[in-house]
Amino acid sequence: MLQISQIVTEKERVIEGLKKRNFPNVEQVLDQAIALDEKRKSSQQSLDSNLAEANALAKEIGGLMKAGKREEAEAIKSKTAELKSASKELAEAKDQVEKELLALLYTIPNVPHPSVPSGNTDEDNEVVKTVGEAPKLHAGAVPHWDLIKQYDIIDFDLGIKITGAGFPVYKGKGARLQRSLVNFFLDEAVAAGFSEVQPPIMVNEASGYATGQLPDKEGQMYHVGNENLYLIPTAEVPITNLYRDVIVSEDQLPIKHTGFTPCFRREAGSWGAHVRGLNRLHQFDKVEIVQVCKAEDSYKALDDMCNHVASLLEKLGLQYRILRLCGGDIGFTSALTFDFEVYSAAQEKWLEVSSVSNFETFQANRLKLRYKDENKKIQLLHTLNGSALALPRIIAAILENNQTPDGINIPEVLVPYTGFDKI
RNA sequence: AGAGGAGUGGCAGAGUGGUCGAAUGCGGCGGUCUUGAAAACCGUUGUACCGCGAGGUACCGGGGGUUCGAAUCCCUCCUCCUCUGCCA
């Protein structure tokens, strides 16, 4: 959520940024927010002076009662009734304005970083660089959805039986490959200085709001109604929320965490013929990296996180490219996002396997995640996160790219984890 | 899940209707003393909003209520502890 103070003091920059996102009626919405804020201030002023008066009278009554001057006290009491009802009305008015303002602010996305290209769809994303080469597959090479059947390592039909579409069952070497990748990614993240956490995979409403999934993506999360909890769409939610309502001390920064969790996404409306096999699932595994740092350090941190993701893909020997997301494709909460895509050679398609974002203060403002600077001034921190990495599409690419007529080769770095070098 | 108890500032812990944003201790910060440190002593030490400022308002787990006045009384929710039950 943007700070209202940001909207007031940097209105032009906000307008320019939101236009890049094609956010409709920018000026109108911002003016409305500013007007509501003014209304909020004035209603607080009248409420406060009203309360101050009432407090003074109450004290006076207290003093008189103690002095035994009952009658004088009673006389003053009669004066308070009016103040009381006025206070109630003023408080309601103030709450109402605050709610309206908050509801409006919830609808405003983050201001993109100046380097974010304008554009409408993923077609307009900027390819920053492409690393590695596409493997040359043998004549009979097939997509991963055929390979998983051929080698009996991932079973979609069984998943459909016990749960539904998009919930595959990993079997034998498929299950082992998945576990190996999780361990490999966690080990690499820990080696890069991210401390490991295992968070809950259901979160409450407050957590969903704080990282921005609510109310924006309400329909995309699975909701556990009898407990009013949400299944996490990404470990970003619980891990970032570890720092909700926290004022950290400067020497704790930067905070770096990694965590492995399953992720759940309803993917309402995004299913189609182009989505096959492991390309899109309702439940998948992911290792996430999260960072909290000072404003002046956050873009360096973003770079570091991107380099970490790149190193993973290089170690796995996968061709990949990095995209700078355009204004139309960047997430609601993000200021700058780099997507990583691996080339899936049999599908002849680029698959997104990581998204690394800097949210600047957008999440921190909702989280109330702050620190005290050297002048003892309390400042919002910046939050960042990235996938490192999401498993299913990595598995798809490994299977497709490393297939040979007599088996699938396992990348060398994984062999110590899998215990086998071929499927 | 049932019965009982409890949630107060960074921590510990007082306060059960009136000048309480809240005693006291510890911790933190600043200072005196010291060659330096420790000890001792003195001072200081929450957050948010409004206001140019003086200052004001709110916050004692969350929400609601009673009252001129609530940390204190009532209702409700949440969390923790103890006992009983159940269980991976």
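Residues numbered from 1 in each chain as written. Chains lettered and ligands numbered in written order. Predicted model: local features only at pLDDT ≥ 70, side-chain atom pairs only at ≥ 80, totals over all residues. Heavy atoms only, no water.

- Chain A is annotated in an unreviewed UniProt entry as Serine--tRNA ligase of Roseivirga ehrenbergii.
- You can read under Sequence similarities (unreviewed entry) in the UniProt record for chain A the words "Belongs to the class-II aminoacyl-tRNA synthetase family. Type-1 seryl-tRNA synthetase subfamily." (UniProt positions renumbered as here; feature names shortened; annotations may be inferred.)

**Observations regarding the UniProt feature "binding site: L-serine" (unreviewed entry) in chain A**
Okay, so step 1: Taking the UniProt record as the reference, the feature "binding site: L-serine" (unreviewed entry) is found at Thr 234, Arg 265, Glu 288 and Asn 385. Looking only at the residues we just named, the largest pocket is lined by Thr 234, Arg 265, Glu 288 and Asn 385.
Okay, so step 2: Assessed through its relative accessible area of 28%, Arg 265 is described here as partly exposed.
Okay, so step 3: Leave out the neighbours within four places in its chain, and Arg 265 touches Gln 220, Tyr 222, Pro 233, Thr 234, Leu 281, His 282, Phe 284 and Lys 286.
Okay, so step 4: Considering the arrangement of structural elements, one finds Glu 288 in strand E10 (residues 283–293).
Okay, so step 5: Residue Glu 288 is classed as buried on the basis of its relative accessible area of 2%.
Okay, so step 6: When residues no more than four places from it in sequence are discounted, the contact partners of Glu 288 are Thr 234, Ala 235, Glu 236, His 257, Thr 258, Gly 259, Asn 385, Gly 386, Ser 387 and Ala 388. (1 Å grid on protein atoms, 1.4 Å probe; cavity = no way out; pocket = protein on both sides within 12 Å on 5 of 7 lines; lining within 4 Å. Buried < 20%, exposed > 50% of the residue type's maximum accessible area, 1.4 Å probe, protein only. Contact = heavy atoms within 4.5 Å. Helix = DSSP H or I, 4+ residues; strand = E, 2+ residues; numbered from the N terminus.)

**Things to note about the layout of surface pockets**
Okay, so step 1: Of the voids in this model, the largest pocket is the one considered here, and its volume is about 1,600 Å³.
Okay, so step 2: Every residue lining the largest pocket is counted, 50 residues in all, and those nearest its centre are Arg 265, Arg 280, Asp 339, Glu 352 and Ser 355.
Okay, so step 3: The set of elements that each furnish at least two residues to the lining of the largest pocket consists of E10, strand E11 (320–324), strand E12 (336–344), strand E13 (349–358), strand E16 (382–390) and helix H12 (391–401).
Okay, so step 4: With eight residues, the top contributor of residues to the lining of the largest pocket is E13.
Okay, so step 5: Per-class residue counts for the lining of the largest pocket are 16 nonpolar, 17 polar and 17 charged.
Okay, so step 6: Taken as a whole, the second largest pocket spans an internal volume of roughly 390 Å³.
Okay, so step 7: Lining the second largest pocket we find 18 residues, and of these Trp 145, Ile 148, Lys 149, Phe 156 and Gly 277 sit closest to its centre. (Points joined across faces, edges and corners; volume = space filled by probe spheres on them. Nonpolar A, V, L, I, M, F, W, Y, C, P; charged D, E, K, R; others polar.)

**Examining the domain arrangement of chain A**
Okay, so step 1: You can read the domains of chain A as domain 1 (4–106) and domain 2 (122–418).
Okay, so step 2: Computed from C-alpha coordinates alone, the two centres of domain 1 and domain 2 are separated by 43 Å.
Okay, so step 3: Taken residue by residue, the interface counts five residues in domain 1 and 10 residues in domain 2.
Okay, so step 4: At the boundary of domain 1 with domain 2, total buried surface from both sides reaches about 610 Å², with 47% on carbon and sulfur atoms.
Okay, so step 5: Joining domain 1 to domain 2, the criterion identifies zero salt bridges. (Domains from an automatic or database assignment. Buried area = accessible area lost by both parts, 1.4 Å probe. Salt bridge = Lys/Arg side-chain N within 4 Å of Asp/Glu carboxyl O.)

**Some points on the packing of helix H7 (residues 172–191) against helix H10 (residues 298–315)**
Okay, so step 1: H10 packs onto H7 with a crossing angle of 135° between their chain directions and a minimal axis gap of 11 Å. Comparing the axis directions of H7 and H10 gives the class oblique. Between H7 and H10 lies a crossing of right-handed hand. Contacts between H7 and H10 involve Phe 184, Phe 185, Glu 188 and Ala 189 from the first element and His 308, Leu 312 and Lys 315 from the second. (Axes fitted to C-alpha atoms, helices over the stretch in contact; angles between N-to-C directions. Parallel < 35°, antiparallel > 145°, perpendicular 65-115°, else oblique. Left-handed = near helix turned anticlockwise from the far one by under 90°.)

**Looking at the sheet that holds strand E15 (residues 378–380)**
Okay, so step 1: What the three strands build is an open sheet, ordered E8-E14-E15; its pairing is mixed. Looking at which strands have only one partner, the edges of the open sheet turn out to be strand E8 (246–248) and E15. Across this sheet, the average inter-strand angle for adjacent strands is 35°, counted without regard to direction.
Okay, so step 2: Note that strand E14 (residues 369–372) and E15 share three bridges and pair antiparallel. Counterpart to Tyr 371 in the pairing with E15 is Gln 379. (Pairing = 2+ DSSP bridges.)

**A short note on the pattern of salt bridges**
Okay, so step 1: Evaluated as defined, the whole model comprises 16 salt bridges.
Okay, so step 2: For the salt bridge of Glu 27 with Lys 19, the shortest nitrogen-to-oxygen distance reads 3.2 Å.
Okay, so step 3: Since its relative accessible area comes to 46%, Lys 19 is described here as partly exposed.
Okay, so step 4: Put simply, Glu 188 and Lys 315 hold a salt bridge, and the shortest N to O gap is 2.7 Å. Within this pair, whereas Glu 188 is found in helix H7, its partner Lys 315 is found in helix H10, the two being separated by 127 residues in sequence.
Okay, so step 5: Of the residues examined, Lys 315 reaches a relative accessible area of 40% and is grouped as partly exposed.
Okay, so step 6: Through salt bridges that share partners, Asp 152, Asp 155 and Lys 171 make up one connected network.

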